[in-house]
Every structure is written in structure tokens, then in C-alpha cells.
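Summary of the model geometry
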Amino acid sequence: MKKIDYREQALKILPWVCASCGRDFSGKKLRELTVHHKDHNSNNNPPDGSNWEMLCLYCHDNEHSRDMDAEWLATEDPDRKKVPISTHNPFAKLASLLEKPEGKKGKDGKE
Ligand SMILES: [Zn+2]
Ligand SMILES: [Zn+2]
């Protein structure tokens, strides 16, 4: 299925304001404004925008925090990568230190 640039379309017909927190994202901050699908189905893109809702990254993240569906992750925006929404976990190293290899896994796993 061909991907529709619904974000561009949504920006044409919807106000550049987060529907959740009400902040204004016109201008340079526009990249932080994303399109949320009310029914969580990114393939449902009625041209009148009835399934769209403009949400800022934070509110959108919040909206999807319960179920990580791929809907908004699929929004391909090169600028998105510059926004540190999911930065490298600083505790990853710590976790690996706590989980020192003790040769336990090999034995238990094979016998
Ligand atoms: Zn917001
Ligand atoms: Zn969404």
C-alpha cells in the first residue's frame, strides 16, 4: 500500500496547535507537531481530517504510552531523528555491569 503523506495534508487543514496541551507549533517548532490518528489506524486518512488530531511529540508519546502501536513511529520525518525523544539509555551500561557473565547460562541452558 502506498504511504500517504497525511502529515502534510493534515497541516493544511488543521490548526498548528497541539490538540492536547494547546501549545502553538507554527514556525520552527512545527517539526514537533505530529499527526495522531484518532482510531490509531494510520491507513485511515479521510481527506476531511476527521481521523486526525495534531499532537505535539510529548502529548503524542503520552497518548501512545500504553500501547506501542507503530502508527506514529511510522511517520517518517528526517527531522524527527534530531529530537531526542528516545535517547540512548544511560543505564544500559549499568545493567550490563550488574549482569556479569558467570558462565551460568551455558550450563543451565544445555542440560
Ligand atoms: Zn501537546
Ligand atoms: Zn497517534
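Heads up: these notes are all about the structure in this document. Along each chain, the written sequence defines residue order, and numbers are assigned to residues from 1. Just so you know, chain letters begin at A and ligand numbers begin at 1, following the order they were written in. Residue-level local features of this predicted model are given only where pLDDT is at least 70; pairs of side-chain atoms are given and counted only at 80 or more, and the full residue set underlies all totals for whole chains, interfaces and linings. The side-chain quantities take in all heavy atoms of the structure and omit both hydrogens and water.

Some remarks on the coordination of the zinc ion (ligand 1)
We apply this condition: For Na, K and Ca the donor cutoff is 3.2 Å, while for all other metals N, O and S atoms count as donors only within 2.8 Å; water does not appear among the atoms, so some sites may look incomplete. Just to be clear on the cut-offs, tetrahedral is four donors with all angles between 85 and 135 degrees, square planar is four donors and octahedral six with opposite donors over 155 degrees apart and all others between 65 and 115, and anything else goes down as irregular.
Taken together, Cys18 (SG), Cys21 (SG), Cys56 (SG) and Cys59 (SG) make up the full set of protein donors to the zinc ion (ligand 1), lying 2.3 Å away. Relative to the metal, the four donor atoms surrounding the zinc ion (ligand 1) lie at angles of 100 to 117°, and the coordination shape comes out tetrahedral.

A look at unusual backbone geometry
This is how it is decided: Helical segments are the DSSP runs of H or I of at least four residues, strand segments are the runs of E of at least two, and each set is numbered from the N terminus. The rule is simple: take the accessible area with a 1.4 Å probe, protein chains only, and divide by the maximum for that residue type; under 20% is buried, over 50% is exposed, in between is partly exposed.
The phi torsion at histidine 40 lies on the positive side, around 60°, for a residue other than glycine. Tracing the sequence through the fold places histidine 40 in the loop between strand E1 (33-37) and strand E2 (52-56). The class for histidine 40 is partly exposed, based on a relative accessible area of 28%.

Here we look at the nonpolar core
One broad rule of soluble globular proteins: the nonpolar side chains tend to lie buried together. The test is simple: Among buried residues, those of type Ala, Val, Leu, Ile, Met, Phe, Trp, Tyr and Cys that are joined through side-chain atoms within 4.5 Å constitute a nonpolar core. Two residues form a contact once any of their heavy atoms are found within 4.5 Å.
If you look at the biggest cluster of nonpolar residues, it comprises 13 residues, and the most contacted ones within it are Cys18, Leu33, Val35 and Met54. If you list the elements that add at least two residues to this core, you get helix H1 (6-13), E1 and E2. With four residues, E2 is the largest single contributor of residues to this core. In contact with cysteine 18, other than residues within four places in its own chain, are Arg23, Phe25, Leu33, Met54, Leu55, Cys56 and Cys59.

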